Amino acid sequence: MHLGRTAELALLRAELHASDAGPARTVLVEGPEGIGKTALIRQAFGAEQRLRLLSATGEESERQLRFGVMRQLAPEATGDDPYTVGQVVCDSIGRLQAEGAVVVVVDDAQWADRLSLRALTYVLRRLRGGRVLAVVACRDVADPWLPDGLRRLLTGDGALRIPLIGLTTSDLADLAEQVAGGGQALPERAVARVRAHTLGNPLHARALLAAVPPRRLADPAAPLP
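Below is a summary of the structure that appears in this document. (Residues numbered from 1 in each chain as written. Predicted model: local features only at pLDDT ≥ 70, side-chain atom pairs only at ≥ 80, totals over all residues. Heavy atoms only, no water.)

## Here we look at the side chain of Ser19
Here Ser19 lies in helix H1 (residues 6-21). A residue is classified by how much of its surface remains accessible, and Ser19, at 0% relative accessible area, is buried. Among residues more than four places away in sequence, those in contact with Ser19 are Arg25, Gly130, Arg131, Val132 and Leu133. (Helix = DSSP H or I, 4+ residues; strand = E, 2+ residues; numbered from the N terminus. Buried < 20%, exposed > 50% of the residue type's maximum accessible area, 1.4 Å probe, protein only. Contact = heavy atoms within 4.5 Å.)

Below you can see the structure in the form of structure tokens.
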């Protein structure tokens, strides 16, 4: 069950539909750890059977792996410079365009290796025609690890920026029922306390709900982890 994010889902799906007629579209999904960027992207495109999906994810432990993220998008990519590797990815996207709509996802871009980020900049500048949507997710687009050129592409007039904030109190109430199981509702004062304590971060809220009994959550004098 997906929680909230109705407006954000609508924006992503609208960009996908807009890309059908061209030109290619670029979306930045931005927000702190655990806020639900990956879940939002999966929810937006997971049920779209017609899509050709190219997906890659940055990993902190692989930040020094040369072209590690780009070779997730195109395993056949060879070369030692961002332009050669980027062109291989462009060619792969071009072949898929002939078959239908293409979505290119780079998640956790803040953990991607720098060469992949430079190649990604090359790719985004050269997306052509319709039926291509590029989605880049990161914690903070101001992160100095991201190349300036990529940052300009993700925040410029030609891109849609979707910042994610914490879940609403209503969404957290639904999450509490999921965690409790059996449709057990959490008292309003407890939900409000969870919202204040976690700022609505889904990852943190889920952990808190799983670790702390409802009675303690509802007691304003009880300390929370």
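There is more to say, and it comes next.
## Details of the packing of helix H7 (residues 169-180) against helix H8 (residues 188-198)
At a closest axis distance of 9 Å, the pairing of H7 and H8 adopts a crossing angle of 110°. Taken together, the axes of H7 and H8 lie roughly perpendicular to each other. Note on element contacts: H8 touches H7 through Val191, Val194 and Arg195, opposite Thr169, Leu172 and Ala173. A class-by-class count of the residues in the contact of H7 with H8 yields four nonpolar, one polar and one charged. (Axes fitted to C-alpha atoms, helices over the stretch in contact; angles between N-to-C directions. Parallel < 35°, antiparallel > 145°, perpendicular 65-115°, else oblique. Nonpolar A, V, L, I, M, F, W, Y, C, P; charged D, E, K, R; others polar.)

## Looking at the pattern of salt bridges
By the definition in use, this model includes six salt bridges. Its salt-bridge partner being Arg25, residue Glu15 comes within 3.0 Å of it at the nearest N-O pair. With Glu15 in helix H1 and Arg25 in strand S1 (residues 25-30), this pair connects stretches of sequence that are 10 residues apart. Here Glu30 and Arg161 are joined by a salt bridge, their closest N and O atoms 3.0 Å apart. Note that Glu30 is positioned in strand S1 and Arg161 in strand S5 (residues 159-163), a separation of 131 residues in sequence. (Salt bridge = Lys/Arg side-chain N within 4 Å of Asp/Glu carboxyl O.)

## Re H8
Along H8, the positions that sit buried rather than exposed are Ala190, Val191, Arg193, Val194 and Thr198. In a view along the axis of H8, the buried residues occupy a sector of 160°, so they form one face of it. Those residues of H8 that are exposed and angled more than 90 degrees off the buried face are Glu188, Arg189 and Ala196. The inward-facing, buried residues of H8 abut H7, helix H9 (202-211) and helix H10 (214-218). Positive phi shows up at Leu199, right after H8, with a value of about 60°. (Arc of directions from axis to C-beta.)

## As for the layout of surface pockets
Each pocket or cavity is described by its volume, and for the second largest pocket that value is around 200 Å³. Along its surface, the second largest pocket is lined by Thr38, Ile41, Arg42, Phe45, Gly46, Glu48, Leu51, Leu53, Ser55, Thr57, Val105 and Asp107. When its residues are assigned to classes, the lining of the second largest pocket shows five nonpolar, four polar and three charged. (1 Å grid on protein atoms, 1.4 Å probe; cavity = no way out; pocket = protein on both sides within 12 Å on 5 of 7 lines; lining within 4 Å. Points joined across faces, edges and corners; volume = space filled by probe spheres on them.)

## Topic: the environment of Pro32
Take Pro32: it is sitting in the loop between S1 and helix H2 (37-45). Through-space distance from the C-alpha of Pro32 to that of Ile165 is 8.3 Å; in sequence the pair is 133 residues apart. Not counting the four nearest positions on each side in its chain, Pro32 is found in contact with Lys37, Arg139 and Leu164.

## Quick notes on the packing of aromatic side chains
Overall, the coordinates contain one aromatic pair when judged by the stated rule. Over the ring of Trp145 we find Arg63, and its NZ or CZ is 3.9 Å from the ring centre. The ring of Trp145 has Arg114 lying over it, and the distance from NZ or CZ to the ring centre is 5.2 Å. (Phe/Tyr/Trp six-rings, centres within 6.5 Å; stacked < 30°, edge-to-face > 60°. Lys NZ or Arg CZ within 6 Å of the ring centre and 35° of its normal.)

As far as function goes, none of this settles anything; it's purely spatial.
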